[in-house]
Amino acid sequence: PSTHIPYKLLIELVQYSPPDFKIEYVLSKLQKYGYKIDDNVQKRVIFAVNFVNDFGARERRRSIVELTESERKVISDIIEMLKVAKSPDEVQAGIFNSCRKNGINPPEMFRKMYMILFNKQSGPRLGTYLFDVGYERISEIMRQYLEGN
């Protein structure tokens, strides 16, 4: 029997995947989550990518996230860091360092960033996701929050 992966999960992973690496990103995340990747899973991922391409992603409603001036500084630091980061681990460490430097509780900042990115209080490992999606797309999303809610 083939591995069962909820289609909703596939669609969600496609929606948040880097534009130029959708299939690879989704397969790597599924593997990381412990799913066995076989030909059937690969076909389902391609179907999910085609579905999102044909019918568009679900409308991403902008979350209302209140940010302090220090939290805005952390986001600004993260955007700048993404320009030069060489690895997901460097991004992850940079988030923690910026939080500490600006007197922000890291778990609270992570929750706020997940709300901004996913409209949920949790999500994938943030440094990896930010690095994978890249500077341009992340800065486009985050700059809206730097300019005010």
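Colleague: How would you explain the nonpolar core if you had to name every residue and give the values?
Modeller: Ranked by size, the top nonpolar core spans 43 residues in total, and within it Ile-95, Leu-117, Tyr-129 and Leu-130 carry the most contacts. Looking at which element gives the most residues to this core, the answer is helix H6 (residues 106–118), with 7 residues.

Colleague: Tell me about the environment of Lys-32, and name the residues and values.
Modeller: By secondary structure assignment, the location of Lys-32 is in helix H2 (residues 22–32). Of the residues examined, Lys-32 reaches a relative accessible area of 51% and is grouped as exposed.

Colleague: Quick one: what's the story with the side chain of Asp-38, residue by residue and with numbers?
Modeller: Secondary-structure assignment places Asp-38 in the loop between H2 and helix H3 (39–55). The side chain of Asp-38 is buried and forms no salt bridge, while Lys-36, the nearest opposite charge, is found at 4.7 Å. Reaching out from Asp-38, the side chain makes a polar contact with the backbone nitrogen of Asn-40 at a distance of 3.1 Å. The contacts of Asp-38, once residues within four sequence positions are left out, are Ser-2 and Thr-3.

Colleague: Please provide a residue-by-residue account of the layout of surface pockets, values included.
Modeller: Estimates place the volume of the largest pocket at around 200 Å³. Around the largest pocket, the lining residues are Leu-9, Glu-12, Leu-13, Tyr-16, Tyr-25, Tyr-33, Phe-118, Lys-120, Ser-122, Gly-123, Pro-124 and Tyr-129. Looking at which element gives the most residues to the lining of the largest pocket, the answer is helix H1 (residues 7–15), with 3 residues. For the lining of the largest pocket, the class distribution of residues is 8 nonpolar, 2 polar and 2 charged.

Colleague: Tell me about H3, residues and numbers included.
Modeller: Here H3 is 17 residues long and its end C-alpha atoms lie 24 Å apart, about the 24 Å a rise of 1.5 Å per residue gives. Taken as a whole, H3 has its buried residues at Val-41, Val-45, Ala-48, Val-49 and Val-52. The arc that holds every buried residue of H3, seen down its axis, measures 95°, which confines them to one face. More than 90 degrees from the buried face of H3, the exposed residues found are Asp-39, Lys-43, Phe-47, Asn-53, Asp-54 and Phe-55. If you follow the buried residues of H3, they end up packed against H1 and H2. The backbone nitrogen of Asn-40 has a side-chain oxygen 3.1 Å away, supplied by the residue at the start of H3, namely Asp-38. Gly-56 sits one or two positions beyond H3 and adopts a positive phi of about 80°.

Rules behind the numbers
Residues numbered from 1 in each chain as written. Predicted model: local features only at pLDDT ≥ 70, side-chain atom pairs only at ≥ 80, totals over all residues. Heavy atoms only, no water. Core = buried A, V, L, I, M, F, W, Y, C linked by side-chain atoms within 4.5 Å. Buried < 20%, exposed > 50% of the residue type's maximum accessible area, 1.4 Å probe, protein only. Helix = DSSP H or I, 4+ residues; strand = E, 2+ residues; numbered from the N terminus. Lys, Arg positive; Asp, Glu negative; His and termini not counted. Salt bridge = Lys/Arg side-chain N within 4 Å of Asp/Glu carboxyl O. Polar contact = N/O pair within 3.5 Å; in protein donor to acceptor, adjacent residues only side chain to side chain. Contact = heavy atoms within 4.5 Å. 1 Å grid on protein atoms, 1.4 Å probe; cavity = no way out; pocket = protein on both sides within 12 Å on 5 of 7 lines; lining within 4 Å. Points joined across faces, edges and corners; volume = space filled by probe spheres on them. Nonpolar A, V, L, I, M, F, W, Y, C, P; charged D, E, K, R; others polar. Expected span 1.5 Å × (residues − 1). Arc of directions from axis to C-beta.

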